[in-house]
Amino acid sequence: MSEALTVDTLTSGYGEAMVLRDVTLRVMAGEVLAVLGKNGMGKTTLLKTIMGFLPAYRGQITIFSKPTIGEPPHHLAGRAVAYSPQEQAIFQELTVEENLKLGLGRRTRFAPELKRVAAFFPFLAERRRQLAGTLSGGEQKMLIMARALIARPKLMLVDEITEGLQPSIILRLADVLRREKSANGTAILLIEQNISFALSVADRYAVLSRGEVVDAGDARQPGADASIAEHLSV
Amino acid sequence: MPDSAALAYPVRLPSQRSRIERRLLLVSSIIALALAAAGPLLLDTYSVSILIRSFLYGAIAVTVDILWGFTGILSFGQAAFFGIGAYALGLTVTQYDFAPPVVTAALIGGPLVAAAAAGLAAWLGFGPKVSPLYISVITLVLSVIFVQVIYSGGDFTGSSSGLSNFDTFDISIDGWFRIAGAFLVAVTAAGWIFVRSDFGRLLVAIRENEQRCRYCGIGTVRVKALLLIGSAVITALAGFAYAGYNDVIAPDLGTQLVIWVALGGRGTLIGPAVAAVLIDFISAWLSGSLPFIWQLIIGLVFIVVIVLLPQGLGPAVADLFRRGRTRSVAARLAPLPDADVAGSGAVPAIQVASVSRNYGSLHVLQDITFTAGAGELVSLVGPNGAGKTTLIRCLSDGQERSAGRVAIEGNPIGRLPPEACVRFGLGRKFQTPNVFDALTVAESLRIARSRRERLSVICTADEVRLPAAAMRVVQATGLSSQLGTTVKHLSHGAKQALELAMVLAMEPRVLLLDEPTAGLTKSERSLIGEVLVQLVRDHGLCILLIEHDLEFVREISSRIIVLHQGSIVMDGTVEEVTNSELVRTIYTGEPHAVAA
Amino acid sequence: MAILFLDIITTASILFVVAAGLLIVFGVLKIINFAHGGFLTIGGYAALVTTQLHWNPWMALPVALLAGLLLGAVVELLVVRPLYARPLDAILATWGLSIVVVQMITIAFGRGTNFVQSPVQGAIPIAGDTYSLYRLIMLGVAIILGAVMIGILQGTRLGLTARAVIMNENLSRSLGINSELVRFVTFSIGSGLAALAGALITPLLSVDPLMGVPWLLNAFMLVMVSGTSLIGLGAACLVLGGAQVAISTYSSPVLGALSIVVLSAVLLRIRPAGFARA
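Residues numbered from 1 in each chain as written. Chains lettered and ligands numbered in written order. Predicted model: local features only at pLDDT ≥ 70, side-chain atom pairs only at ≥ 80, totals over all residues.

Novice: What am I meant to see in the overall build of chain B here?
Specialist: Looking only at helices and strands, chain B features 24 helices and 16 strands. Counting over 596 residues, chain B shows a buried share of 52%. Once local pairs closer than 6 in sequence are excluded, the contacts in chain B between residues at least 24 apart make up 78%. (Helix = DSSP H or I, 4+ residues; strand = E, 2+ residues; numbered from the N terminus. Buried ≥ 20, exposed ≤ 12 C-beta atoms within 10 Å, placed from the backbone. Contact = placed C-beta atoms within 7 Å.)

Next comes the structure, spelled out in structure tokens:
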């Protein structure tokens, strides 16, 4: 298996505040790594640094064997990286269709790709001309996932996609991610606070606390959820 | 939860800092006044005559800095206000001769007209959904119109050549120098005291997050309008003084004030005053020999300063003198005696009748009707897109709903803006933290208390008094050890806690909470749950909260309303709702039921 | 009556051509480019230079456009891009730039008014009267310009990209859009359009260093009223331009000159979204 994403002793933050300290982790192709942790512990900062929205003070990030620190964010999409941020993740005033098109490269034909993602989320095809901002919260999250999938990414960075969602949709998303991983060999870095969702999808997990990795292991081990829960509570 | 970047410096009380500052202010003012008195003896006549105007401009620059540097209101209208004050004197004296009643009329009339113009500009330029750029536009328009009016006034106004040779005060140039100097010192000193007071922090809060201020019950539009009017009055007085000194007036104060304030240092007060005086003085000396090149240079320097030194030259110079580390200053917390904040109980806390909200053809809420009373903890649950946040918006802002009636504590909210709804005893916490990034924790709490405890325009209080509920939240989440920390450096969870504390600090009778536990740990969640239950049980509050954590909802609610696709599908006790088939289907349900 | 109608639609056209560049810069970069008036003036003086060099008057247009594009590119790189995180300061910096432009032109060409040769002379007969041919050409220019811009924005991938950057720049970047380039190109085009507009209007008026100021103010108000919609801009130009013409004709030219600005102010108070689609 090849390495999709390697983060090596990464230290970054905002201004003077170091949020991440010496973080090292790795996601292989076809594997899901769940990064869990309480709020303020650095999970979103990690993704923003990987994407290049935040500078790194120390360490290195490698995506498909190429170092990415210093590269502007828009280069990553070209490397088949799909980013689903936690907030402001869709264009409210563009239609569903336009949102999806923007997830797709310029040269790819839209119709067959739409059909493919609509298989997971049928409402996308039915409501392609609807303004994305008028979709419900759960539908918007599904649109975010569809947009990430439409470009056939090799690496997905997913930030708390289940926040605020009802259980039935969470189950659906878990299903989609598992299928994506096994069918296409996509590497997925999953940021989450929902332990059961994370463990139902992930192969391995890491726990981030105060910007450091304090626990890591196999997600399928019996004691994993208890071990993680300990870190996520007081 | 304390952020790893929290300051570890010792914290000083505001009154300690105030005392030092006041002493400095007094000393500097005395020195400045002495300089003003001695000036004419040391400078040549030409310099003295220029400086009279420069001093007046400096005073105006101070007010522009208060408007812009502190409150974020970029006004280009000072040219008009100055002109109004000047022409008030010039015109009346030209028409009616120089006599005490005439002069008094001009002294009062000029500032009055300027205040009215500022009021009109404020009415046009400030408003809930209006961009901050807009007031700049309106004030610029005001200046343009003023110049046009003067130009087309023919002989009456002197048109472009200006009014001249009108009789005026019999005061020597030296006398005018001292008057102008004293005026500058007075305005600067008063301005300084004002911006360092608690009210001064409110100016910054308005600049940072006007919405949050309104939800703390502060009439921000009124505050901004009063500031603009205040600046207009002082500017008109400066114009009056200028016309009194110089018997020729023409519309020529352009938009340089903004440049001077920018170069001197926005938000520093002293910087703009110094910059205005210096640049105007130098311009007068140079404009004889190199008029356009000097303007060109100023323009270029202005651009360079904006790009490279946004804080202006003032702070760059001041930094050369700064020594030692900065210590943080914060007020102490003090508990407020437990007041009974419950409503009478006779009137329901929340009454909603046939409320609906449409966006064009999209119906987000349809025919919502329910009532909630004191002592109830109502959880509003439902799948995403059910309309929960929209409902909260309709309850807290009279302009949000499309139809129906809402009453808080028996007061219909009609089409009232949030600050008015909040005054009926309503508190709202937003889904994502809605706080003041540039203020400290203590300052934020004080702003939240401002409706109950007025902010002083002169002093900084040493204590922030918090009601028990707010105090509990602050202490349990560690915010009490971060009173001097700037909010920007707090973590997401700490900001959530701060916002909740701020809302509780307003002693509301009705609380609207949008996912208050999002991002909190398990222990914090149960703490918040305890606090909410206590508020309802011991203080008779009515709480309406949106939550996804069904465990949490089951533990603390007295009643659950289930919203689905914009309508209430169930409204009942915890048992009824949790045992309901319908609700189970909606939540855990089959995929088809979810296609909302 | 016919003349009045023609005056209204040709005035609206001129306003549209002047304001279009300001609108796209406002939409993509979120700032009002106060140097727009300066670029307009540069375009006007480009036309003057073309006249003085005795070239074909139509050459003024590409010369002005090129000058605007190049200068706009330089300004974007040196002044606007560093101020990316501080939009209000960017607006101020462009305002400072307009002062600089006025001073430079004054130093180079003097303060006086000059006249530029019109590429097209004469009038055509309409409804028993004659009407300036050049003004009618302006109507055509505005329509073509509007159609091309809307076509690009709504119908092409480039337009979708621009709209995405207008709505949410960071999200666009994470989807692979080089937003810095989009901003650079937009600002240059906006400046180019401003200069082009300047060259187009000079045959109708005259050229002096301060010619840009009243146009900037009007364009500014029109852009605020129309939000970020080109169609909204067209509507605003028609309604407000029409008001200006009517008031100038039936009341006084001084009031007419102020009418766009005053009416826009009131309009924005009543309906802050302006003419943009509700």
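Novice: How do you make sense of unusual backbone geometry when you look at a structure like this?
Specialist: In most cases, non-glycine residues show a negative phi, while peptide bonds are predominantly trans. At A:Ala80, a residue that is not glycine, the phi angle is positive and equals roughly 65°. Looking at the element boundaries, A:Ala80 is found in the loop between helix H2 (74-77) and strand E6 (81-84). Even without glycine at this site, B:Glu515 takes up a positive phi of about 50°. When you line up the elements, B:Glu515 lands in the loop between strand E13 (510-514) and helix H20 (522-539). With 21 C-beta atoms packed within 10 Å, B:Glu515 lands in the buried category.

Novice: Would you mind going over the pairing of E13(B) with me for this structure?
Specialist: Each regular strand shows side chains that alternate between the opposite faces of the sheet. Residues and elements named next belong to chain B. Counting buried positions over the 5 residues of E13 gives 5, a clear majority of the element. Neither face of E13 is exposed, since Val-510, Leu-512 and Asp-514 on one face and Leu-511 and Leu-513 on the opposite face are all buried. In this structure, strand E11 (residues 426-429) lies alongside E13, joined through 4 bridges in parallel fashion. Residue pairing for E13: Lys-429 is matched across the bridge by Leu-513. (Pairing = 2+ DSSP bridges.)

Novice: In this structure, what is going on with the nonpolar core? I would like to understand it.
Specialist: When a protein is soluble and globular, its nonpolar side chains tend to lie buried together. Counting residues in each nonpolar core, the largest one holds 347 residues, and the members touching the most others are A:Leu190, B:Leu56, B:Ala501, B:Ile543, C:Ala19, C:Ala195 and C:Leu222. Per-element accounting of this core gives the leading share, 17 residues, to helix H1 (residues 2-29) of chain C. If we ignore the near neighbours within four places in the chain, the residues touching C:Ala195 are C:Phe39, C:Leu40, C:Ile42, C:Gly43, C:Ala46, C:Ala64, C:Leu65, C:Ala67 and C:Gly68. (Core = buried A, V, L, I, M, F, W, Y, C linked by C-beta atoms within 7 Å.)

Novice: How do you make sense of the interface of chain B and chain C when you look at a structure like this?
Specialist: How big an interface is tends to be expressed through the accessible area that disappears when the partners come together. At the interface, 24 residues of chain B touch 29 residues of chain C. For the side of chain B that touches chain C, the secondary-structure elements that each account for two or more residues are helix H5 (133-151) and helix H13 (291-308) of chain B. For the side of chain B that touches chain C, the leading source of residues is H13(B), giving 9 residues.

Novice: Just to check I follow, could you spell out the domain arrangement of chain A for this structure?
Specialist: Annotation of chain A at the domain level lists domain 1 (1-80 + 154-163 + 186-234) and domain 2 (86-152). The class makeup of the residues in the side of domain 1 of chain A that touches domain 2 of chain A is 2 nonpolar, 1 polar and 3 charged. (Domains from an automatic or database assignment. Nonpolar A, V, L, I, M, F, W, Y, C, P; charged D, E, K, R; others polar.)

Novice: Looking at this model, I keep getting lost on the sheet that holds strand E10 (residues 212-218) of chain A. Mind explaining?
Specialist: By definition, the strands of a sheet pair up through backbone hydrogen bonds, in either a parallel or an antiparallel sense. Residue and element names in this part refer to chain A. Ordered by their spatial adjacency, 6 strands build an open sheet running E6-E7-E8-E3-E9-E10, and the pairing between neighbours is mixed. At either margin of the open sheet sits one strand with a lone partner, and together these are E6 and E10. Neighbour-to-neighbour, the strand axes of this sheet turn through a mean angle of 15°, independent of strand direction. Sheet analysis places strand E3 (residues 32-36) next to strand E9 (residues 204-209), joined by 4 bridges and oriented parallel. In the strand pairing of E9, Leu-36 is matched with Val-207. (Axes fitted to C-alpha atoms, helices over the stretch in contact; angles between N-to-C directions.)

Novice: What exactly am I supposed to notice about the packing of helix H4 (residues 100-125) of chain B against helix H10 (residues 220-245) of chain B here?
Specialist: Relative orientation and spacing of two packed helices are given, respectively, by the angle between their axes and the distance between those axes. All names here are of chain B. At their nearest, the axes of H4 and H10 sit 8 Å apart, and the two run at 145° to each other. Crossing hand, H4 versus H10: right-handed. Packed against H4, whose contacting residues are Ala-106, Leu-107, Gly-110, Pro-111, Ala-114, Ala-115, Ala-117, Ala-118, Gly-119, Ala-121 and Ala-122, the element H10 presents Lys-224, Ala-225, Leu-228, Ile-229, Ala-232, Val-233, Thr-235, Ala-236, Leu-237, Gly-239 and Phe-240 at the interface. Classifying every residue of the contact of H4 with H10 gives 17 nonpolar, 4 polar and 1 charged. (Left-handed = near helix turned anticlockwise from the far one by under 90°.)

Novice: Any chance you could explain helix H3 (residues 96-103) of chain A here in plain terms?
Specialist: At 3.6 residues per turn, the α-helix brings residues three or four places apart onto the same side. A large share of H3(A) lies buried, amounting to 6 of its 8 residues. Buried within H3(A) are the following residues: A:Val96, A:Asn99, A:Leu100, A:Lys101, A:Leu102 and A:Gly103. The elements touched by buried residues of H3(A) are helix H4 (110-118), helix H5 (123-126) and helix H6 (137-150) of chain A together with helix H6 (157-167) of chain C.

Novice: Help me understand the sheet that holds strand E15 (residues 559-564) of chain B in this model?
Specialist: Residue and element names in this part refer to chain B. The strand order E11-E13-E14-E8-E15-E16 describes an open sheet built from 6 strands, whose pairing is mixed. The strands lining the two open edges of the sheet, one partner per strand, are E11 and strand E16 (567-572). Direction aside, the axes of adjacent strands within the sheet are offset by 15° on average. Looking at chain direction, E15 and E16 are connected through 5 bridges and run antiparallel. The residue of E16 that forms the bridge with His-564 is Ser-567. The sheet strands contacting helix H19 (residues 492-505) are E11 and E13, and the helix crosses E11 at an angle near 175°.

Novice: Would you explain the domain arrangement of chain B in this entry?
Specialist: All names here are of chain B. Segmenting chain B into domains produces domain 1 (12-252), domain 2 (342-425 + 512-596) and domain 3 (430-507). Taking only C-alpha atoms, the centre of domain 1 and the centre of domain 2 are 49 Å apart. A class-by-class count of the residues in the side of domain 1 that touches domain 2 yields 4 nonpolar, 2 polar and 1 charged.

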